[in-house]
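# Coordinate analysis (summary)
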There are 2 protein chains.
Amino acid sequence: MSTDGTRPVIAVREVGPRDGLQMVKAVLPATSKLAWIDAMAAAGVSGMEVASFVPPSLMPQMADAAEVTWAARQRHPDLTVVALAPNLRGAQNAAEAGAQVVVVPVSASEAHSRANVRRSREDQVAEVARIVAALGPGGPRIEAGISTAFGCSLQGAVPEDDVVRLGAALAEAGADTISLADTLGYAVPAQVKRLVRRLRAEIGAARFGHLHLHDTLGTALANAYAGLEEGVRGFDGALGGLGGCPFAPGSVGNAATEDLVYLLESEGFDTGIDLPGLLAARARLAEWLPSERLHGRVAAAGIPRTYRHAAPSRDTAP
Amino acid sequence: MSTDGTRPVIAVREVGPRDGLQMVKAVLPATSKLAWIDAMAAAGVSGMEVASFVPPSLMPQMADAAEVTWAARQRHPDLTVVALAPNLRGAQNAAEAGAQVVVVPVSASEAHSRANVRRSREDQVAEVARIVAALGPGGPRIEAGISTAFGCSLQGAVPEDDVVRLGAALAEAGADTISLADTLGYAVPAQVKRLVRRLRAEIGAARFGHLHLHDTLGTALANAYAGLEEGVRGFDGALGGLGGCPFAPGSVGNAATEDLVYLLESEGFDTGIDLPGLLAARARLAEWLPSERLHGRVAAAGIPRTYRHAAPSRDTAP
């Protein structure tokens, strides 16, 4: 599937095989991960974060990161294959495996930075600069993902000034794009609007990457809508609302990709994604992860008769 | 609890004892309903829809409507006691029992109108006029609730023009306020904005009542935020996300009151409601309804450390 050329396009990136699986105790075999990637690509998903390049001792679920990344590239030439890497070594491994985008997490909360990447925020910005220099032109796109941008369970509130300053430093360090992640799910809509607006003003709208939302407190779709209104055109989601950060106590699932696509398409945007196809992929995911509780309301309720009838065209919408 | 006088005020009406219980198989005894009402009032809730005045043969859960309404008035002089009534007889009974607001449902979908109140839309508008005439000045406030305003599982899409015309007819019939209900949970934010704007323009902003949202597809809080942005200052919710319409197939729970209050307070509005108090009431509700699955993310996740820190003042928010 592809976008239809008549509605504004939104990029929805499936991050389940990375962010989703890192909280899952079972180790999903590479064959199942690739079947998941196949099913998502078949449903029209054009970008997927397929793995995290971290030591297997820290995260056994990701021991096959290189294998999955490489195979995803081979099987799906049209898919943008994204991988997460917390440091230079991981980024180099991701690039060698064929990742087209490498996401480097940088925490806005100093406490989360030390828990998640074992470095201060400043040292992690320097690591981004090293990654940019080492992978160089022609290498993968480097996306800095500002985690805990809307609050942290370790630190509490995160000053917006810290996030904006961090964004400026990451742009200076040479990150191609900079994304905002609500790692804990603490964001609320007015806050999303303010911070997106400030960061885009600071780094330039074209350099703004994705909005990465969690649904801990039920606000993920409200926050996505707030982002939409501020001009955000890239969102992360995890099928079945899997996910969370093992180093951020209280972090639960990502925005469910299927609910996000339902919202975005209903709002008159073009994700290029077939919602029934997503639900079929989700049904298979439930079989691969029988002990995980999947989230998401669209799967529970079914796609309503009115789907896509609410906002026929963004041109006429407010 | 009461509002603090420094932030803009939002009226949150708990509709669980009416909309919530009508889908519950167990009959909750009046003593438990009143304990629920007591707990909500103690948490600062200032308006509650406590009962539906329908024949017990149709809805045995509501056989004690008069008893509950009367007792709620006696016990809580500061609580606005609201009751639903589908027709003149029910409205008279509600008024006699002391209801200060009578909500009369009027469907925007002809199919739902016939299923829900066994009358055409036009005949139900005429019933509103009869209720207004019969209860007269000094009687309860008459609130027409336009149900299926954002789509219907029986009819499918509901034209916005139908909703606006119905609103005008209800104003003409003498309804004091007119509310919009997303009975099925099919609304999406841009649609909420358009319809709220059009209806308020048609009937006058002061005559606009509440936004009544269901979370069937996970969009309730996004829709609430859209309503907020359009100036809506009254919302319905049901504790634990109970609810649904027995005559609208596929309708599931209301916006969970606790999640709604979390969002509204975080956005810098003043609901007058104590969130820990709501969660305490919810814990008791779970004991009274052991076979019901309650919804809501705040109760599952706990109140985050950042609560109310996201948007310190509406004055500085966009």
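These numbers were taken from a predicted model, which means no experiment stands behind them. (Residues numbered from 1 in each chain as written. Chains lettered and ligands numbered in written order. Predicted model: local features only at pLDDT ≥ 70, side-chain atom pairs only at ≥ 80, totals over all residues. Heavy atoms only, no water.)

The next thing to look at is the layout of surface pockets. By volume, the largest pocket amounts to about 820 Å³. Together, 41 residues line the largest pocket, and R293, H295 and R297 of chain A together with H295 and R297 of chain B are the ones closest to its centre. If you list the elements that add at least two residues to the lining of the largest pocket, you get α9 (220-229) and α12 (297-301) of chain A together with α9 (220-229), α10 (257-266) and α12 (297-301) of chain B. Grouping the amino acids of the lining of the largest pocket by side-chain chemistry returns 17 nonpolar, 14 polar and ten charged. (1 Å grid on protein atoms, 1.4 Å probe; cavity = no way out; pocket = protein on both sides within 12 Å on 5 of 7 lines; lining within 4 Å. Points joined across faces, edges and corners; volume = space filled by probe spheres on them. Helix = DSSP H or I, 4+ residues; strand = E, 2+ residues; numbered from the N terminus. Nonpolar A, V, L, I, M, F, W, Y, C, P; charged D, E, K, R; others polar.)

Taken residue by residue, the interface counts 46 residues in chain B and 46 residues in chain A. Between chain B and chain A lies a buried interface of about 3700 Å² when both sides are counted; carbon and sulfur atoms form 62% of it. Taken together, chain B and chain A are joined by four salt bridges. Here D215 of chain A and R297 of chain B are joined by a salt bridge, their closest N and O atoms 3.4 Å apart. Where chain B meets chain A, there are twelve residue pairs in polar contact (both at pLDDT 80 or more). Among the elements of the structure, α8 (189-203), α9, α10 and α12 of chain B are those that each provide at least two residues to the side of chain B that touches chain A. Within the side of chain B that touches chain A, the residues separate by chemical class into 21 nonpolar, 13 polar and twelve charged. (Contact = heavy atoms within 4.5 Å. Buried area = accessible area lost by both parts, 1.4 Å probe. Salt bridge = Lys/Arg side-chain N within 4 Å of Asp/Glu carboxyl O. Polar contact = N/O pair within 3.5 Å; in protein donor to acceptor, adjacent residues only side chain to side chain.)

You can overlay chain B on chain A at an RMSD of 0.0 Å; the transform is a turn of 180° with a shift of 0.0 Å along its axis. Classification of the inter-copy transformation places it as that of a two-fold axis. Every residue of chain B has its C-alpha some distance from the rotation axis, and the shortest such distance is that of A222 of chain B, at 1.8 Å. The residues that chain B uses at the interface reappear at the interface of chain A in 100% of cases, marking a shared surface. (Least-squares fit on C-alpha atoms with pLDDT ≥ 70 in both.)

So, about α10 of chain B. All names here are of chain B. Most of α10 is tucked away, with ten of its ten residues classed as buried. Along α10, the residues that are buried comprise T257, E258, D259, L260, V261, Y262, L263, L264, E265 and S266. Backbone geometry just downstream of α10 places G268 in the positive-phi region, at approximately 95°. (Buried < 20%, exposed > 50% of the residue type's maximum accessible area, 1.4 Å probe, protein only.)

Attention shifts here to the environment of S52 of chain A. All names here are of chain A. Positionally, S52 belongs in strand β2 (residues 47-52). On a C-alpha basis, the gap between S52 and L289 in space is 19 Å, while along the polypeptide they are 237 residues apart. In this structure S52 touches R18, M62, A65 and L84, once residues within four positions along its chain are discounted.

Per-residue pLDDT for chain A has a mean of 94; in total, 97% of the residues score no lower than 70. This model gives residues 312-318 of chain A a pLDDT under 50, and the stretch forms eleven contacts once residues within four places in sequence are excluded. (pLDDT = per-residue confidence, 0-100.)

This paragraph deals with the packing of aromatic side chains. All names here are of chain A. Under the counting rule described, the total for this entry stands at two aromatic pairs over all chains. A ring pair is formed by Y262 and Y307, whose centres lie 5.6 Å apart and whose planes are at 20°; its orientation type is stacked. Taken together, the positions of Y262 in helix α10 (residues 257-266) and Y307 in the segment after α12 put the pair 45 residues apart, joining distant regions of the chain. In this structure, Y262 and Y307 share a single accessibility class: buried. (Phe/Tyr/Trp six-rings, centres within 6.5 Å; stacked < 30°, edge-to-face > 60°.)

All names here are of chain B. The strand order around the closed barrel built from eight strands is β1-β2-β3-β4-β5-β6-β7-β8, with neighbouring strands paired in parallel fashion. Averaged over all pairs of adjacent strands, the angle between their axes in this sheet comes to 30°, without regard to strand direction. Two strands pair when backbone bridges link them, and strand β1 (residues 11-14) and strand β8 (residues 234-237) are joined in this way by four bridges, in the parallel orientation. Paired with V12 across the bridge in β8 is F235. Across the sheet, α8 is in contact with β6 (177-181) and β7 (208-212); its angle to β7 comes to roughly 160°. (Pairing = 2+ DSSP bridges. Axes fitted to C-alpha atoms, helices over the stretch in contact; angles between N-to-C directions.)

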